[in-house]
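# Tertiary structure, described
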Amino acid sequence: MRLSIFEKAVLEATRKIPFGRVTTYGEISRIIGRRRASRAVGNALNKNPYSPIVPCHRVVKSNGKIGGFNKGIKAKVKMLASEGIKVRDGRIFDFQKLFYHF
DNA sequence: GCCATGGCTAGTA
DNA sequence: GCCATGGCTAGTA
C-alpha cells in the first residue's frame, strides 16, 4: 500500500505524540501546514499501517470527544486506558491538561 | 461522492 | 444541527 505525501506527513506528526498525551485532528492538520484539512487527517489515520507504533489512538476531536478508530471505539478507549488516559462518557478526562500542543 | 472534523448559529431552558 | 473543507478512491470511458 502506497502512502501519499500528505499521509506520510500526517503519520510523521502523529508519531511525535508522547505516551499518555492526546492531540486533535485539527492540531495535526495545523502543524503539517494544512489548516483546514482536519477531516482529511482523520481519513489518513484511518489507513495507518503502523498502528500502534504510530499512535493514532492518541488523536481525538477538538471538543475532547473520542473521534473514530478503524478497529472500533472500544479498542481506542482501551488503548488510551492502558496509558492512563480516562474516558468519561465519550470524552477525554482532563482534556486540557493532556492536550499535547506541537 | 465519501468521511476517524470543526466551527458557528439558532434556540431551549 | 448544518455545512464548508480537502484528500482519496471507485469506476467510467
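Here we summarise the structure given alongside this text. (Residues numbered from 1 in each chain as written. Chains lettered and ligands numbered in written order. Predicted model: local features only at pLDDT ≥ 70, side-chain atom pairs only at ≥ 80, totals over all residues. Heavy atoms only, no water.)

What follows covers the protein's contact with DNA strand C. Near DNA strand C the following residues occur: S4, F6, E7, R34, R36, A37, R39, A40, N43 and K47. Sugar plus phosphate, as a fraction of atoms of DNA strand C within 4 Å of the protein: 86%. Here a phosphate oxygen of DNA strand C sits 3.3 Å away from a polar atom, N or O, in the side chain of R34. Take K47: an N or O atom from its side chain is 3.1 Å from a sugar or linking oxygen of DNA strand C. Looking at the surface near DNA strand C, the elements that each hand over two or more residues are α1 (5-15) and α3 (38-46). Tallied by class, the residues present in the surface near DNA strand C amount to three nonpolar, two polar and five charged. (Near = heavy atom within 4 Å. Polar contact = N/O pair within 3.5 Å; in protein donor to acceptor, adjacent residues only side chain to side chain. Helix = DSSP H or I, 4+ residues; strand = E, 2+ residues; numbered from the N terminus. Nonpolar A, V, L, I, M, F, W, Y, C, P; charged D, E, K, R; others polar.)

Attention now moves to the side chain of E27. The residue E27 is located in helix α2 (residues 25-31) in this model. If we skip the residues at most four places from it in the chain, E27 touches F99, Y100, H101 and F102. (Contact = heavy atoms within 4.5 Å.)

On to the protein's contact with DNA strand B, then. Neighbouring DNA strand B are 15 residues, the closest being G26, R39, N43, L45 and S62. Here a base nitrogen of DNA strand B and a backbone polar atom of L45 are 2.8 Å apart. Ranked by residue count, the leading element in the surface near DNA strand B is α3, at six residues. Of the residues contributing to the surface near DNA strand B, the split by class is four nonpolar, nine polar and two charged.

Taken as a whole, the largest pocket spans an internal volume of roughly 220 Å³. Examining the composition of the lining of the largest pocket, we find that six residues originate from one element, α3, more than from any other. Taken together, the residues of the lining of the largest pocket sort by class into four nonpolar, six polar and two charged. (1 Å grid on protein atoms, 1.4 Å probe; cavity = no way out; pocket = protein on both sides within 12 Å on 5 of 7 lines; lining within 4 Å. Points joined across faces, edges and corners; volume = space filled by probe spheres on them.)

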